[in-house]
Amino acid sequence: MRSKLLILSVLFALQCAAQSHVVKFDAFELLSSRISLSYEHLIGSQTSVQISSGVLLDYSKQTSTNQSGISFNNEDISKGWRIIPEFRYYLTEMTNMKAPAGAHVNFSGLYEDVNYSVINEFENWTKNDQRVGVGAGLGMQWFLVQNLGLELDIKIYTLYRFSDQAGNLYNGEISPFQNSEISREFDSLFFGKIVYGF
């Protein structure tokens, strides 16, 4: 009898604890050759924290034509990663919900590190872009069937970009070049995620 009560107590505790966790997969990010996952955890009746990370892997090989009409093979390679820590405030209090749901405002940071490479008969260069900044946004998360749902979210960031570029240009002779740049920019990111609460 005690073992049955213990098992039932553990199952009940797990069910109660499980109501505050959400994992997400961003379907829209696949369109830009990114794989992005998120984890959200409820910390209050209207607040939660979320961590999102993404990986960029993009390779393309194509035939291009320069201004002189000469065709050449061109390879473009992009790879990198991004992390977004986030605090959320939901406009409705969550009572008896399986996971955080409804409209929310969010405040987040962003760090991104991406390397670009271009290789062809006329140039061979690499560029590293690092972006860091803070932003705010609005979103809506809802559950359609039991634990499965959707999220739409837009964020606007103010960012600093640190760029380093180096390589060689081939115009009869090899011309090496290198430059660095720091700039400030605004960017907006849209997310459409498949949500699973547990």
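Residues numbered from 1 in each chain as written. Predicted model: local features only at pLDDT ≥ 70, side-chain atom pairs only at ≥ 80, totals over all residues. Heavy atoms only, no water.

(A) Just the overall build of the protein chain, in detail. In terms of helices and strands, the protein chain carries one helix and eight strands. N-terminal to C-terminal, the α/β element order of the protein chain is α-β-β-β-β-β-β-β-β. For the protein chain, the proportion of its 198 residues judged to be buried stands at 35%. Put simply, of all contacts in the protein chain between residues at least 6 apart along the chain, 62% involve residues at least 24 apart. For the protein chain, the exposed area adds up to about 11800 Å²; of that, 63% sits on carbon and sulfur atoms. (Helix = DSSP H or I, 4+ residues; strand = E, 2+ residues; numbered from the N terminus. Buried < 20%, exposed > 50% of the residue type's maximum accessible area, 1.4 Å probe, protein only. Contact = heavy atoms within 4.5 Å. Areas by Shrake-Rupley, 256 points an atom, 1.4 Å probe, with all protein chains shown as cover.)

(B) Region of interest: the nonpolar core. Residues Ile84, Leu110, Tyr157, Leu159, Leu189 and Phe191 constitute the largest nonpolar core, which totals six residues. At the level of secondary structure, the elements contributing two or more residues to this core comprise β7 (148-170) and β8 (174-197). In this structure, Leu159 is in contact with Leu110, Arg131, Val132, Gly133, Ser183, Arg184, Glu185 and Asp187, ignoring residues within four places of it in sequence. (Core = buried A, V, L, I, M, F, W, Y, C linked by side-chain atoms within 4.5 Å.)

(C) Layout of the confidence of the model for the protein chain. Here the protein chain averages 83 in pLDDT, while 85% of its residues score no lower than 70. When mean pLDDT is compared element by element in the protein chain, strand β5 (residues 102-119) scores highest at 94, while helix α1 (residues 2-17) scores lowest at 42. A low-confidence stretch, residues 1-18 stays under pLDDT 50, and its non-local contacts, those more than four residues away or across chains, total two contacts. (pLDDT = per-residue confidence, 0-100.)

(D) Broad picture of the pairing of β7. Sheet topology note: the strand β6 (residues 123-145)/β7 ladder contains 22 bridges and is antiparallel. In the strand pairing of β7, Arg131 is matched with Arg161. Between β6 and β7, which pair antiparallel in sequence order, lie two residues; one of them, Gln146, sits at a positive phi of approximately 45 degrees. Two strands pair when backbone bridges link them, and β7 and β8 are joined in this way by 23 bridges, in the antiparallel orientation. Within the sheet, the bridge partner assigned to Leu152 lies in β8 and is Gly192. (Pairing = 2+ DSSP bridges.)

(E) Inspection of the side chain of Lys193 at higher detail. You can see Lys193 is positioned in strand β8. There is a polar contact of 2.9 Å between the side chain of Lys193 and the side chain of Ser38. (Polar contact = N/O pair within 3.5 Å; in protein donor to acceptor, adjacent residues only side chain to side chain.)

(F) Inspection of the packing of aromatic side chains at higher detail. For the coordinates displayed, the defined rule picks out two aromatic pairs. A centroid spacing of 5.5 Å and a plane angle of 55 degrees characterise the contact between Phe28 and Phe190, whose relative ring orientation is tilted. With Phe28 in the loop between β1 (21-26) and β2 (34-42) and Phe190 in strand β8, this pair connects stretches of sequence that are 162 residues apart. The residue whose ring lies beneath Lys193 is Phe191, and the NZ or CZ to ring-centre distance is 5.0 Å. (Phe/Tyr/Trp six-rings, centres within 6.5 Å; stacked < 30°, edge-to-face > 60°. Lys NZ or Arg CZ within 6 Å of the ring centre and 35° of its normal.)

(G) Seen up close, the pattern of salt bridges. Applying the stated criterion across every chain yields a total of 17 salt bridges. The salt bridge partner of Arg131 is Asp187, with a shortest N-O separation of 2.9 Å. Highlighted residues: Arg131 in strand β6 and Asp187 in strand β8, separated in sequence by 56 residues. Taking the relative accessible area as the measure of exposure, Asp187 reaches 22% and is therefore partly exposed. Linked by salt bridges that have partners in common, Glu29, Arg34, Arg82, Glu112, Asp129, Arg131, Arg161, Glu185 and Asp187 make up one network. (Salt bridge = Lys/Arg side-chain N within 4 Å of Asp/Glu carboxyl O.)

(H) Representation of unusual backbone geometry within the structure. For Gln146, which is not glycine, the phi dihedral falls at a positive 45 degrees. According to the relative accessible area criterion, Gln146 is exposed, its value standing at 68%.

(I) Quick look at the pairing of β1. The pairing of β1 with β2 spans five bridges and is antiparallel. Considered in β2, the bridge of His21 is made with His41. Where β1 and β8 come together, five bridges link them in antiparallel fashion. Bridge pairing in β8 places Asp26 opposite Lys193.

(J) The arrangement of the side chain of His21 in detail. In this structure, His21 sits in strand β1. According to the relative accessible area criterion, His21 is buried, its value standing at 18%. Reaching out from His21, the side chain makes a polar contact with the side chain of Tyr39 at a distance of 2.4 Å. Within the structure, His21 has its side chain in polar contact with the side chain of His41 (distance 3.4 Å). When neighbours within four sequence positions are excluded, His21 is seen to be in contact with Tyr39, Glu40, His41, Ala99, Tyr196, Gly197 and Phe198.

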